[in-house]
Amino acid sequence: MDLSTIRKKLQKKDKSHYASPEELVTDVRLMFWNCAKFNYVISVCGSTEWLLIPLQPDSEVAEAGRCLDEFFEDKLKEIYPDRHFPSMQQDDSDSEDVESQN
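Since the model is a prediction, treat every value here as computed from it, not as a measurement.

1. Points about the nonpolar core
Within soluble globular proteins, side chains that are nonpolar tend to cluster in buried spots.
Then step 1. With nine residues, the main nonpolar core is built from I6, Y18, V25, V28, M31, F32, F72, L76 and F85.
Then step 2. For this core, the secondary structure elements donating two or more residues are helix 2 (21–39) and helix 3 (60–79).
Then step 3. Considering each element in turn, this core owes the most residues, four residues, to helix 2.

2. Description of the packing of helix 2 against helix 3
Then step 1. Viewed as axis vectors pointing N to C, helix 2 and helix 3 meet at an angle of 155 degrees, and their least axial separation amounts to 9 Å. Put simply, helix 2 runs roughly antiparallel to helix 3. Handedness of the helix 2/helix 3 crossing: left-handed. Residue-level inspection shows V25, V28, R29, F32, C35 and N39 of helix 2 in contact with helix 3, the latter providing V61, A62, G65, L68, D69, F72, E73 and L76.
Then step 2. Considering only residue class, the contact of helix 2 with helix 3 consists of nine nonpolar, two polar and three charged.

3. As for the layout of surface pockets
Then step 1. Within this model, the second largest pocket holds a volume of roughly 230 Å³.
Then step 2. Taken together, the elements giving at least two residues each to the lining of the second largest pocket come down to helix 2 and helix 3.
Then step 3. For the lining of the second largest pocket, the residue count by class is seven nonpolar, one polar and four charged.

Here is what the cut-offs are and how they apply
Residues numbered from 1 in each chain as written. Predicted model: local features only at pLDDT ≥ 70, side-chain atom pairs only at ≥ 80, totals over all residues. Heavy atoms only, no water. Core = buried A, V, L, I, M, F, W, Y, C linked by side-chain atoms within 4.5 Å. Buried < 20%, exposed > 50% of the residue type's maximum accessible area, 1.4 Å probe, protein only. Helix = DSSP H or I, 4+ residues; strand = E, 2+ residues; numbered from the N terminus. Axes fitted to C-alpha atoms, helices over the stretch in contact; angles between N-to-C directions. Parallel < 35°, antiparallel > 145°, perpendicular 65-115°, else oblique. Left-handed = near helix turned anticlockwise from the far one by under 90°. Contact = heavy atoms within 4.5 Å. Nonpolar A, V, L, I, M, F, W, Y, C, P; charged D, E, K, R; others polar. 1 Å grid on protein atoms, 1.4 Å probe; cavity = no way out; pocket = protein on both sides within 12 Å on 5 of 7 lines; lining within 4 Å. Points joined across faces, edges and corners; volume = space filled by probe spheres on them.

Structural data, given as structure tokens:
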């Protein structure tokens, strides 16, 4: 997931446009999850599952992603103070899509 895809899906003329705020929030959180996964953490494959080991930001991209994620979550609470949006699941990452394209 990336900002250009999110921007495209914000347009009503796009056939896959967002039908609800939950869909938008899910995609934005997926984008931030992927940013962290590919720029901020190491993925280690155990015997049956992937483990994510947090590291310090190793790039401007990782730090910018973290800051933008915090800003998004603050604004989300400001705009929808009484609404609960489901949390990101670790297995929702785009990593399978990226790996299959390589």
